[in-house]
Each structure stands twice: as C-alpha cells, then as structure tokens.
Amino acid sequence: MKQERMSAFLKNGRSVLLAYDQGLEHGPSTDFNDKNIDPSFVMDLAEKGGFNGVIFQKGVAERFYNGKVPLIVKVNGKSALVKGDPISRQVCSVEYAASLGAKGIGYTIYLGSEHEAEMFAEFGKIQEQAHERGLPAIAWVYPRGAAVVNDTAKEIVSYAARAALELGADAAKIKYTGDSQSFSWAVKAGAGMKVFMSGGPKAPTDEAFLTQVQGAIDAGATGLAVGRNAWQNAEPLKMAESLRKVILEGVRVDKLMSP
Ligand code: FBP
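Report follows, based on the coordinates. Computed from a prediction, not measured in an experiment: that's the story for all the values here. (Residues numbered from 1 in each chain as written. Predicted model: local features only at pLDDT ≥ 70, side-chain atom pairs only at ≥ 80, totals over all residues. Heavy atoms only, no water.)

1. Overview of the layout of surface pockets
At step 1: Empty space within the largest pocket amounts to approximately 310 Å³.
At step 2: Looking at the largest pocket, it is lined by 22 residues, and the ones nearest its centre are Q22, H26, Y142, K175 and R228.
At step 3: Those elements that provide at least two residues to the lining of the largest pocket are helix 1 (22–25), strand 8 (171–175) and strand 10 (223–226).
At step 4: Classifying every residue of the lining of the largest pocket gives seven nonpolar, seven polar and eight charged. (1 Å grid on protein atoms, 1.4 Å probe; cavity = no way out; pocket = protein on both sides within 12 Å on 5 of 7 lines; lining within 4 Å. Points joined across faces, edges and corners; volume = space filled by probe spheres on them. Helix = DSSP H or I, 4+ residues; strand = E, 2+ residues; numbered from the N terminus. Nonpolar A, V, L, I, M, F, W, Y, C, P; charged D, E, K, R; others polar.)

What follows is the structure, given as structure tokens:
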C-alpha cells in the first residue's frame, strides 16, 4: 500500500485546490480581469478562502507565494499559441520546486497526443524524483490531440485516470464527464489514487458549477482543483465557502442553495 504523500493537501480525506497557471496556459487576455491578473489577489484568496493547496508555476511562486497555504508547483507548461498536437515540457526541476516550498509536484500529460511518449518519460523521472523527497506527483491528465474525439467521454476520462495510476501518480486531475455515474467509473479506474475534478471554464451559475462538483464527490472523487470558477467569480470568497461546505463538510448543494 502506498504511503499517503498527499496528506499535506487533505482535510477529512478531501481537498479543494486553487489553480492559477492559466496565465501561461491560456494567455492573460483570455481569462484575467483587472483584479485576478494580480497573483497576490489569488494568493490572498487561497489563504482567506481556506483552500487546501495553491498551484503556481515557478515564476509566480518565486514572487508571490507567501507560505500560508500548501504549494503545488507545476513543473511543465506550454502556451496556447502553438498549433498541432500538444506537448508540454519540463520548465522547473523537482529540486527547485521543493526549494520554493512545494509540498507537491504538478505535471500535465496530454494523453493521446502524438507527443505523449515524451511527456510519459518526463513524468516518469519527475515522479521518481518527487518520491525520493517524499513529495506527491500530481498528474493533470488531459486527453488531447487529433486522435481524441471527445475529451469528456466516460471511456477517455477513465483512461486518463488509469494512465495516471499506472504511471505512478499520487493524484490525477481529470475533466468531469458530465454526470456522477460515468465519473465514478473514472474514480474506479484510479483504484484508490486520489482523483480531482478539474474546474473548467466558468459555469453559467454558481449552482450549475456546484452541482458538477457534487456529482464528482458523489462519484468518490477526493475533491476539486479549480481556477476560473473561483477567481473569476464576482464573490470568490463566497464560492470558496460553498466549495468547502460541499467538498469538505458533505453539505448537499440543494441544502446550500435553499434560502
Ligand atoms: P480551471 O479550473 O480554470 O479550468 O483550471 C484548471 C486547469 O487544469 C489549470 O490548472 C490549467 O491552466 C487549465 O485548467 C488548463 O485548461 P485547458 O483545459 O484549457 O488546457
């Protein structure tokens, strides 16, 4: 049985992580406004919102991480500008991430991309280096590229979870399939590895987003790694509180929403 390397990020076995690497992944004009373009706003939200972890690229961690919330450093990255099947290469060593205070190492794998083998190999090394330091390796597994038709289908999302398990990830961040029953197959495919639902673009209403989160939790997910649905929200602290209630305290969304 694996030692629980994710414990720094867990409360009652569950977790709500705040992701803020979209500036590199999508570009600042796609996702940011005057407030959330400032990384200190997000660092502050992570702390005041009671998040169980915050996810930064190394440059943001170097300048803005304040040590108040456990840190995950994403050690690979790519921009949205390059065309063709995606590849995201390592931009930060495990050693350097640890020196910044990281308690977890994040890495994105584009499953199904023609460059998948390179990301598998790189993640393999990173996972071993992270484990040597007792740190968890957290894989964002996003099926993507010409070979992937529907990246939220049950079969492909469960494949993402299983790939993460077999590659030795301590936790996987995967897209929601759209309903709890199909997502539970992905959780099963993870065979005990921690599974996090990935937030995605801002949902039309808070209730719509929280209902997805509820579905993931009902399916057995450990929690959520959320970016835009938290820091793009007009009331991010209120959203953070709702997420804590649903994920960490087991409050049902209909109860939460009823006046
Ligand atoms: P969101 O909650 O904003 O979707 O953030 C989760 C995340 O995985 C980020 O860590 C990452 O930057 C982004 O989604 C990648 O998005 P995309 O699916 O467009 O590549």
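2. Observations concerning the packing of helix 9 (residues 206–218) against helix 11 (residues 236–248)
At step 1: Two numbers describe how helix 9 lies on helix 11: the axes approach to 10 Å, and their chain directions differ by 25 degrees. Judged on the interaxial angle alone, helix 11 and helix 9 are roughly parallel. Read as a crossing pair, helix 9 and helix 11 show a hand that is right-handed. Residues D206, F209, L210, V213, Q214 and I217 of helix 9 touch helix 11, and the partners they reach there are M239, S242, L243, V246 and I247.
At step 2: For the contact of helix 9 with helix 11, a count of residues per class yields eight nonpolar, two polar and one charged. (Axes fitted to C-alpha atoms, helices over the stretch in contact; angles between N-to-C directions. Parallel < 35°, antiparallel > 145°, perpendicular 65-115°, else oblique. Left-handed = near helix turned anticlockwise from the far one by under 90°. Contact = heavy atoms within 4.5 Å.)

3. Details of helix 7 (residues 154–166)
At step 1: Along its 13 residues, helix 7 runs 18 Å from first to last C-alpha, staying within 8% of the 18 Å computed at 1.5 Å per residue.
At step 2: Looking at helix 7, one finds that the buried residues are V157, S158, A160, A161, A163 and A164.
At step 3: As for helix 7, its buried residues are in contact with strand 7 (137–141), strand 8 and helix 8 (180–189).
At step 4: Just downstream of helix 7, G168 is the residue with a positive phi angle, here 95 degrees. (Expected span 1.5 Å × (residues − 1). Buried < 20%, exposed > 50% of the residue type's maximum accessible area, 1.4 Å probe, protein only.)

4. Observations regarding the environment of P143
At step 1: With respect to the helices and strands, the residue P143 is situated in the loop between strand 7 and helix 7.
At step 2: The class for P143 is buried, based on a relative accessible area of 3%.
At step 3: Remark: the alpha-carbon pair of P143 and L24, spanning 119 residues in sequence, is separated by 19 Å.

5. Quick notes on the site of the ligand
At step 1: Within the structure, the ligand sits among 16 residues, and D21, H26, Y142, K173 and K175 are positioned closest to it.
At step 2: A distance of 2.7 Å separates an oxygen atom of the ligand from a polar atom in the side chain of D21.
At step 3: The side chain of R144 places a nitrogen or oxygen atom 2.8 Å from an oxygen atom of the ligand.
At step 4: More than half of the atoms of the ligand fall within 2 Å of the grid points belonging to the largest pocket.
At step 5: Going through the elements one at a time, helix 1 and strand 8 are the ones with two or more residues in the shell around the ligand. (Near = heavy atom within 4 Å. Polar contact = N/O pair within 3.5 Å; in protein donor to acceptor, adjacent residues only side chain to side chain. Sits in = over half its atoms within 2 Å of the grid points.)

6. Remarks on the pattern of salt bridges
At step 1: Under the criterion given, the structure shown has eleven salt bridges.
At step 2: Residue E47 pairs with K68 through a salt bridge whose shortest N-O separation is 4.0 Å. Taken together, the residues span a long stretch of sequence, with E47 in helix 3 (residues 39–48) and K68 in the loop between helix 4 (58–64) and strand 3 (71–74) at a distance of 21 residues.
At step 3: Since its relative accessible area comes to 31%, E47 is described here as partly exposed.
At step 4: Connected via shared salt-bridge partners are D21, E25 and K74. (Salt bridge = Lys/Arg side-chain N within 4 Å of Asp/Glu carboxyl O.)

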